[in-house]
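Summary of the model geometry
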Amino acid sequence: MKFYAQLQLSLAAFAIVNARGPTVHRYSSTWSPSLLTEKSGKRSIIFDMDDTLYSKFDGLQSQLLDALLNYVGRKTGIYHENEEATPEMKQRAYYLMKDYYKTYGLTLKGLRVNNKNGVDFDDYDAFIKSELDYSNAQQIEGLVEMLKELKDNPRNQLAIMTNSCWLHVESTLMQLGIYDLFDHIFVADCHDHNMVSKPNPIVYSQVQHALGHANPRDCYFIDDNFSFVEAAQLVGWNAVWLNESAPQQDQVTPVEPEILQKGTVGHILQMREAFNELFSE
Ligand SMILES: [Mg+2]
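Quantities reported herein were computed from a predicted structural model and do not represent experimental measurements.

Rules used throughout
Residues numbered from 1 in each chain as written. Predicted model: local features only at pLDDT ≥ 70, side-chain atom pairs only at ≥ 80, totals over all residues. Helix = DSSP H or I, 4+ residues; strand = E, 2+ residues; numbered from the N terminus. Buried ≥ 20, exposed ≤ 12 C-beta atoms within 10 Å, placed from the backbone. Contact = placed C-beta atoms within 7 Å. Pairing = 2+ DSSP bridges. Core = buried A, V, L, I, M, F, W, Y, C linked by C-beta atoms within 7 Å. Domains from an automatic or database assignment. Expected span 1.5 Å × (residues − 1). pLDDT = per-residue confidence, 0-100.

In this section: the overall build of the protein. In terms of regular secondary structure, the protein is built from eleven helices and nine strands. Looking at the protein as a whole, 36% of its 281 residues are labelled buried. Counting contacts in the protein only where the partners sit at least 6 residues apart, residues at least 24 apart contribute 65% of the total.

On to the pairing of strand E3 (residues 43-47), then. Across the five residues that make up E3, a large majority, five, are buried. Burial along E3 is two-sided: the residues Arg43, Ile45 and Phe47 and Ser44 and Ile46 are all buried. Summarising the sheet, E3 and strand E6 (residues 219-223) pair through four bridges and their orientation is parallel. Bridge pairing in E6 places Ile46 opposite Phe221.

Moving on to the nonpolar core. By size, the foremost hydrophobic cluster in this structure holds 62 residues, and its most contacted members are Ile46, Ala159, Ile160, Phe186, Val207, Phe221 and Ala232. Lining this core are residues from two domains, each supplying at least three of them: domain 1 (2-55 + 138-280) and domain 2 (60-135). Aside from chain neighbours lying at most four places away, what touches Ile46 is Ala159, Met161, Val207, Cys219, Tyr220 and Phe221.

What follows concerns helix H3 (residues 87-104). Here H3 contains 18 residues, and its C-alpha end-to-end distance of 25 Å stays within 8% of the 26 Å for a straight helix at 1.5 Å per residue. On the buried face of H3, the contacting elements are helix H2 (60-75) and helix H4 (107-114). A positive backbone phi angle near 85° is found at Gly105, which sits one or two residues after H3.

What follows covers the confidence of the model for the protein. Per-residue confidence for the protein averages 84 on the pLDDT scale, and 85% of its residues sit at or above 70. Note on residues 257-261: pLDDT is under 50 here. Beyond four places in sequence and across chains, it has six contacts.

Structure, rendered in structure tokens:
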């Protein structure tokens, strides 16, 4: 009884029903896998959000990093209250941010572990939202049509899997006008003391289970972060790397077959070629 009750509790904590549209889930560090028989009978197309559902050349992600740097500087006392940060202060905050990211996988997690005054994550989420100019995120021409085509196929369900926190995710998707096109959205849990995120295999398992797939090959994934794609490949998902800096943006370019089975794409619309079966079956 104990195991079953715990499982039910952890699954209940994992899924939060959002009445307005997609079901919103938060990664849980206490989640444990269980045997799963196929539930959905569908294929899931899973998108990263930042620098994937909008172009990295829009600059929103670099604004996000600036805001994070600002937040780290303030919370650690490197930046002085009501005073412009000097280049030296910015450099110190930058190195700390990098160190947190490298050590803990997420800057925010490092900040929480090392900040004796604690970090209010609702405050963080609201700060990030207030610092960003979301009008910079532009809808990619042809993306809405591609998402609708995928969604119209009853065999498909659409999901987002991001390491960002909720307010930023909601604001970005609203700006892009694509919020309602997704069935599920998976976000980082900023309140979880042991925050887990991509590329930790546990979050890929959580997502696969929540989407109802016993077989990892029913998951199709695209992300601009190479290590997140590599982790998806390791758990058996079909995964492509979106590399907008690829020299040949008009082609699907195979790279290192032992690392990436499906290669890399220079533009998100090239999913049509990389995952041809999703559009033809
Ligand atoms: Mg990204």
